[in-house]
Amino acid sequence: MSGETSNDTKTLFKQWLEKLQQESWQLELLISGFALFGIYSSRILIADFGLYIENDISSDNLKSLVKPFFIILKVGWVIFFFNLLGHVIMRGLWIGAIGLRYVSQEIEYDKFNYSDIFTNFLKKKVGSYDDWIERLEMLCSVIFAYTFLLFALFMSLVIFFVPIIIIRLLFELF
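Residues numbered from 1 in each chain as written. Predicted model: local features only at pLDDT ≥ 70, side-chain atom pairs only at ≥ 80, totals over all residues. Heavy atoms only, no water.

**Observations concerning the packing of aromatic side chains**
How we decide: Side-chain rings of Phe, Tyr and Trp, where Trp is taken by its six-membered ring, are said to pair if the distance between their centres is within 6.5 Å; with planes under 30 degrees apart they count as stacked, over 60 as edge-to-face, and otherwise as tilted. Throughout this description, the term charge over a ring refers to an Arg CZ or Lys NZ atom that lies within 6 Å of the ring centre and within 35 degrees of the ring normal.
A complete count under the given rule lists 17 aromatic pairs for this structure. Positioned over the ring face of Y40 is R43, at 4.0 Å from the centre of the ring.

**A short note on the pattern of salt bridges**
How we decide: Only one rule defines a salt bridge in this text: a Lys or Arg side-chain nitrogen within 4 Å of an Asp or Glu carboxyl oxygen. Each helix corresponds to a stretch of at least 4 residues labelled H or I by DSSP, and each strand to a stretch of at least 2 residues labelled E; elements are numbered beginning at the N terminus. For the exposure calls, accessible area comes from a 1.4 Å probe over protein chains only, and a residue counts as buried if that area is under 20% of its type's maximum, exposed if over 50%, partly exposed in between.
Under the definition given, this model contains five salt bridges. For E28, the salt bridge identified is with R91, shortest N-O distance 2.7 Å. Residue E28 is located in helix α1 (residues 2–41), and its partner R91 is located in helix α3 (residues 60–104); the two are separated by 63 residues in the primary sequence. We note that E28, like R91, is buried. Between R101 and D130 there is a salt bridge, with its nearest N and O atoms 2.2 Å apart. Here R101 is found in helix α3, whereas its partner D130 is found in helix α5 (residues 129–173), with 29 residues between them in sequence. What makes D130 partly exposed here is its relative accessible area of 29%.

**A few points about the packing of α3 against α5**
As a reminder, the rule being used: Note on definitions: angles span 0 to 180 degrees between N-to-C directions of axes, and those axes are lines fitted to C-alpha atoms, for helices only across the stretch in contact. Here the angle decides the label: under 35 degrees means roughly parallel, over 145 means roughly antiparallel, 65 to 115 means roughly perpendicular, and every other value means oblique. Crossing handedness is defined as follows: a turn of the near helix away from the far one that is anticlockwise and smaller than a right angle gives a left-handed crossing, while the clockwise case is right-handed. Nonpolar residues are Ala, Val, Leu, Ile, Met, Phe, Trp, Tyr, Cys and Pro. Charged residues are Asp, Glu, Lys and Arg, and all others, Gly as well, are polar.
Axis separation between α3 and α5 bottoms out at 9 Å; the angle between their running directions is 165°. With respect to α5, the axis of α3 lies roughly antiparallel. Crossing hand, α3 versus α5: left-handed. The class makeup of the residues in the contact of α3 with α5 is 32 nonpolar, five polar and six charged.

**So, the nonpolar core**
Definition in use: Side-chain atoms within 4.5 Å are what join buried Ala, Val, Leu, Ile, Met, Phe, Trp, Tyr and Cys residues into a set we call a nonpolar core. Contacts are assigned to residue pairs with any non-hydrogen atoms lying within 4.5 Å of each other.
Ranked by size, the top nonpolar core spans 16 residues in total, and within it I39, I53, V66, W77 and F81 carry the most contacts. Elements supplying a minimum of two residues to this core: α1, α2 (43–56), α3 and α5. Per-element tally for this core: the top contributor is α3, with eight residues. Setting aside residues no more than four positions away along its own chain, I53 makes contact with K63, V66, K67 and F70. One finds M90, Y129, I133 and C140 within the second-largest nonpolar core, a separate group that totals seven residues.

What follows is the structure in structure tokens.
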């Protein structure tokens, strides 16, 4: 009896995950939008941090320690900004493609009255409109996942190196 309940629970969980996977695009778009806004807004802070390093840090040892961190921060900003911008644009294209599919349905190659050779070539190269939408959806999800995996990697590097910089700062001060 408990084995059947366990299997039913696993089946329900798998169905829930499948539904969540199909509906995750809304959450992806929302998170990407807010993250893009935050990252774009942070460009001024990063520029101010660069000015602080150049003008207010007098110790060359400390400057040489903080400068690589600043470069990583700038490169990370560019990567995250363009990845998220690309994700939002691709998701918008995907939403538009779904809307167009709702109106136009599937491509009917036979109605073009092309020769069999050209029709077969188009079917092979262009393929089904539904397949293209599915590939576009997968690409959007991969860009989103990749961006936030990079963010997790970046944050782990920050967590690793910031204490080293702080300890070095304390040694410089005393």
